[in-house]
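Architecture at a glance
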Amino acid sequence: MTAFLFLLPTGLRRLLFTTSTSSTTTHNHHLFRSEPWYFSDPRFKTLDLYSLLLFLPLASFSESFLFFSSSDPSLRFSFLRQSLLLLLFWLLLLLILLRDAFPSFLPLHDSLLFLFASFAFSIEYFLIATPFETSGPAPRMYHFWGNLNLVCIGSCLILSFRPTALFADVALSLGLVLKANWALQVGLSLYTEGFAPVGCGYRPPAPPGKCELDEDLSRAVALVDLLFVGHVMVVVVVFLMVFWMFGRGRSHPRSSSLSSIPMFEIE
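Please read all numbers here as calculations on a predicted model, not as lab measurements.

Further remarks concern a nonpolar patch on the surface. There is a patch of nonpolar side chains on the surface, built from Leu112, Leu115, Leu157 and Phe161 and spanning about 400 Å² of accessible area. Elements with a minimum of two residues in the nonpolar patch: α4 (110-129) and α5 (138-161). Tracing the backbone through its elements, the reader meets Leu115 in helix α4. Leu115 sits in the partly exposed class, given a relative accessible area of 34%.

What follows is about the packing of aromatic side chains. Under the definition given, this model contains 10 aromatic pairs. Between the aromatic rings of Trp182 and Phe228, the centroid separation amounts to 5.2 Å while the plane-to-plane angle is 85°, which identifies the pairing as edge-to-face. In this pair, Trp182 is assigned in helix α6 (residues 166-191) and Phe228 in helix α7 (residues 214-251), connecting sequence segments 46 residues apart. The pair formed by Trp182 and Phe228 is uniform in burial state, with each residue classed as buried. The structure contains a cluster of three or more aromatic residues connected by ring pairs, namely Phe6, Phe89 and Phe121.

So, about the environment of Ser78. Within the secondary structure, Ser78 is located in helix α3 (residues 73-101). Residue class for Ser78 comes out buried when judged on its relative accessible area of 11%. As for Ser78 and Leu66, which are separated by 12 residues in sequence, their C-alpha atoms are 9.8 Å apart.

Turning our attention to the UniProt feature "transmembrane region" (unreviewed entry) in the protein chain. Following the UniProt record, the feature "transmembrane region" (unreviewed entry) maps to residues 47-67, 79-99, 111-132, 144-161 and 226-246 here. Between the C-alpha atoms that bound residues 144-161 there is a distance of 26 Å. The span itself is 100% helix and 0% strand. Within residues 226-246, the helical portion is 100% and the strand portion 0%, while the C-alpha atoms at the span's ends are 31 Å from each other.

Analysis parameters
Residues numbered from 1 in each chain as written. Predicted model: local features only at pLDDT ≥ 70, side-chain atom pairs only at ≥ 80, totals over all residues. Heavy atoms only, no water. Patch = residues over 30% accessible without salt bridge, like charges linked within 9 Å, V, L, I, M, F, W, Y side chains within 5 Å. Areas by Shrake-Rupley, 256 points an atom, 1.4 Å probe, with all protein chains shown as cover. Salt bridge = Lys/Arg side-chain N within 4 Å of Asp/Glu carboxyl O. Helix = DSSP H or I, 4+ residues; strand = E, 2+ residues; numbered from the N terminus. Buried < 20%, exposed > 50% of the residue type's maximum accessible area, 1.4 Å probe, protein only. Phe/Tyr/Trp six-rings, centres within 6.5 Å; stacked < 30°, edge-to-face > 60°. UniProt positions renumbered as here; feature names shortened; annotations may be inferred.

This is the structure:
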C-alpha cells in the first residue's frame, strides 16, 4: 500500500507533464527535454513533492516498527525492504528539491539525478529478486514487478545520457504508474484473504500465497498473467486518452481552455 501511495501520484504527475509537453513538440521533438521532477509555477502547486518529503520518512519508520514487531519471516523481510527503499527514494526527492532551491550550493546535473534514480530502482530490483521463503503465485507476481523495475532502470539510464529521449520519459511515466497498480495488486493478492486466488490465501505462519493443490497453483499463475495484461492495457488506454485530449486541445484552441495555459502550468 505504501508503494502504491508513493508511486501513483508521482507516475500520474509525470505522465501528465510528459504528455502535455510532447503534445506541444509533436513536430519538433528536439525541443523536448526531460527533467527529474517537473516543477510547477508558482511553487505551491508542487505540494505533492513536499508531502512526499514529509510522509516518506514516517512511512519508513512505520515499516521499521513492523519489521521489529512481526514474527513472520517473510513479512519481516518485506517490511525491511520497504523501509530501506522508502529512505532511498526520499533521499532522491530531497536532492531534487535542494538542487532546485539552492542551485549554486548543490550544482547537480540532471544526468546525475537520473543515474541516482536508476541506482535506486536497481536496488529495488535486486531486493525483489532476492530469494525468500515463498510459494504459490508470489514468484510470478514479483517477476512482473522486477520487469517493471527494469523498465524504470533502462529509462533513467537513457535519460541520463539523452534527456531529449521522449520515448524514455513516456516509458518511465508508464512504468511508475504500472508499478503503483501492481504493488497494490501484489498486496491484495498475497496478504489478504478476500482478494487472494482460490486455494492460495494468506494463512500465517504459511508463506504468503501458498496454494493447497497443484491445480490451485496453476489457476493462480494463469490469473496473475491475466491480471498483469489487464493492468498494462488499462494504463496504455489511459495514456492514449490523455495524449489525445492534449493533442485535441492544441489543434482546437478555441474549444479547449488548456490550450491557453502555458505548458509548465498544466497539471
